[in-house]
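Here is how the chains run, residue by residue.
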Amino acid sequence: MSQRHPHELSAFVAAAAEEFGVPGVCVGILDGGRRLFAAHGVTGVANPQPVDEHTLFHVASVTKTFTATAVTRLAAEGRVDLDAPVRAYVPELRLADESAAASITTRQLLNHTAGLDWNLVDADEGDGSLAAFVARLDRLDLVAEPGSRASYSQAGYNLAGLVVERVTGLPFEQAVTRLVLEPVALTDTVFDLDEVVLRRFALGHNRGEDGALRPARPWKSRPAGSRGNNPGGGAASSASDLLRWARFHLGDGAGVLPAEELRRMRQPTVRLRASALGDALGVCWFLRRIGGVDTIGHGGSGNGQFTELLIAPEHDFAVVSLANSGPEGHQFNQAVLRWALEHHLGAVEREPEPAAHDETRAREVAGRYEIDALHLDIATDGERLTLAVAIKPEIRAASETEMPPDHPAAGFRFLAGDGDEYVITEGGLKGQRGCFTRNGEGAVVGVDLAGRFFPRSRAAA
């Protein structure tokens, strides 16, 4: 394993932050027993403070790794049966499909095979509790038969959080703190904004159409006081704490889990096809082989804040990258992962090989695809394909809080092969891979992007 000089990391991080125009970033690398940190920039453009390894960022969906570990601990203690119906713990569960509500299991929530659409977009109605969130899940469509395939679901993890509440008799945040955060000594990983403001924290930023960065509000993806999305994406943490979290998952589970149960979390449970996120899902972790190196990881996308956590268990190695602007923060984090893997492990990922434009195939996939909150529009001008992702106008108009900007039309190309796999070649989603799904008659009925299945709009079918 190569031992890099910390000045190399600092120089790369500073140059990449400037290249992508991110106000504040922090990167941590765990290389055997050595911890390296590099920070650049400021917490916010309006009230700037220097970023360091203890600065809190909203880590969004990386929270799912805490939730999944807490549920796994409850299962190891015999308090949760992962293969029992969720209704064993949440008997009032109602979904759009009664047979699904009666059959989905906690294990399916943890590996995103419950068939639930991404998330409720009206999750701030009511008292903001997990119970209130789950009470409205009958409004959420199912995108697949439970157990048939993976489709990334925030709602599924929020439901898993209610399982934790019911089993422990504690609010989710207190339960996960006692089950996981305190035993691992993650003292700067918190949920409540009252805890965040006691520490130095980074403010998210979104870039407007005029190119200017503006502070992102609310600070998290949901307003203060809303707890319904905490299990799926409500935590704030630091580069220092996330490296400690990586060290825990590289260890023997002491104080939390038996070693075999910890290792089982990174064993494949369902394969993923043509996904930039990974080749398979374990228990929450995305499993991905990069340049001959097996990795586990998870990302997070909040309101103007982006996180990546990647671990290479066989090499006792991990990297965390935090950035406070969108959409460039995502590209910054991906550049950091590539640099760290190449310079520390010699692992270089092969770029996918796009095929030449085929207008017949392009017309076959052109149209609108949608999930609960988003439209995905694919178009062809005869020479290139473009893909745009936008929050549904009626949802944006009805929201009382600011929402992240849309992803405007950007080029993408089919990959060499059967024509159903693709890669995005420009814009904020550059590098994302996915595939189209066909029915038994061969018609295109949906598309995967960022782990989520977007069914084709009936109006476009």
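Residues numbered from 1 in each chain as written. Predicted model: local features only at pLDDT ≥ 70, side-chain atom pairs only at ≥ 80, totals over all residues. Heavy atoms only, no water.

Draft legend 1. Examining empty space enclosed by the protein more closely. The tally for this structure, following the rule as stated, stands at 1 cavity of 30 Å³ or more. In terms of lining residues, the largest cavity is bounded by Gln-108, Leu-109, His-112, Thr-113, Ala-114, Gly-115, Leu-116, Ser-151, Ser-153 and Gly-156. Looking at the lining of the largest cavity residue by residue, the classes come out as 3 nonpolar, 7 polar and no charged. (1 Å grid on protein atoms, 1.4 Å probe; cavity = no way out; pocket = protein on both sides within 12 Å on 5 of 7 lines; lining within 4 Å. Points joined across faces, edges and corners; volume = space filled by probe spheres on them. Nonpolar A, V, L, I, M, F, W, Y, C, P; charged D, E, K, R; others polar.)

Draft legend 2. Structural context of the layout of surface pockets. Taken as a whole, the second largest pocket encloses approximately 340 Å³ of empty space. Lining the second largest pocket we find 13 residues, and of these Asp-141, Glu-370, Pro-455, Arg-456 and Arg-458 sit closest to its centre. A class-by-class count of the residues in the lining of the second largest pocket yields 5 nonpolar, 1 polar and 7 charged.

Draft legend 3. Seen up close, the packing of helix α2 (residues 63-76) against helix α6 (residues 154-168). Contact geometry for α2 and α6: axes closest at 10 Å, N-to-C directions at 40 degrees. Judged by the inter-axis angle, α2 sits oblique to α6. When you trace α2 past α6, the crossing you get is left-handed. Across from Lys-64, Thr-67, Ala-68, Val-71 and Leu-74 in α2, the residues of α6 making contact are Gln-154, Tyr-157, Ala-160, Val-164, Val-167 and Thr-168. Residues of the contact of α2 with α6, tallied by class, amount to 7 nonpolar, 3 polar and 1 charged. (Axes fitted to C-alpha atoms, helices over the stretch in contact; angles between N-to-C directions. Helix = DSSP H or I, 4+ residues; strand = E, 2+ residues; numbered from the N terminus. Parallel < 35°, antiparallel > 145°, perpendicular 65-115°, else oblique. Left-handed = near helix turned anticlockwise from the far one by under 90°. Contact = heavy atoms within 4.5 Å.)

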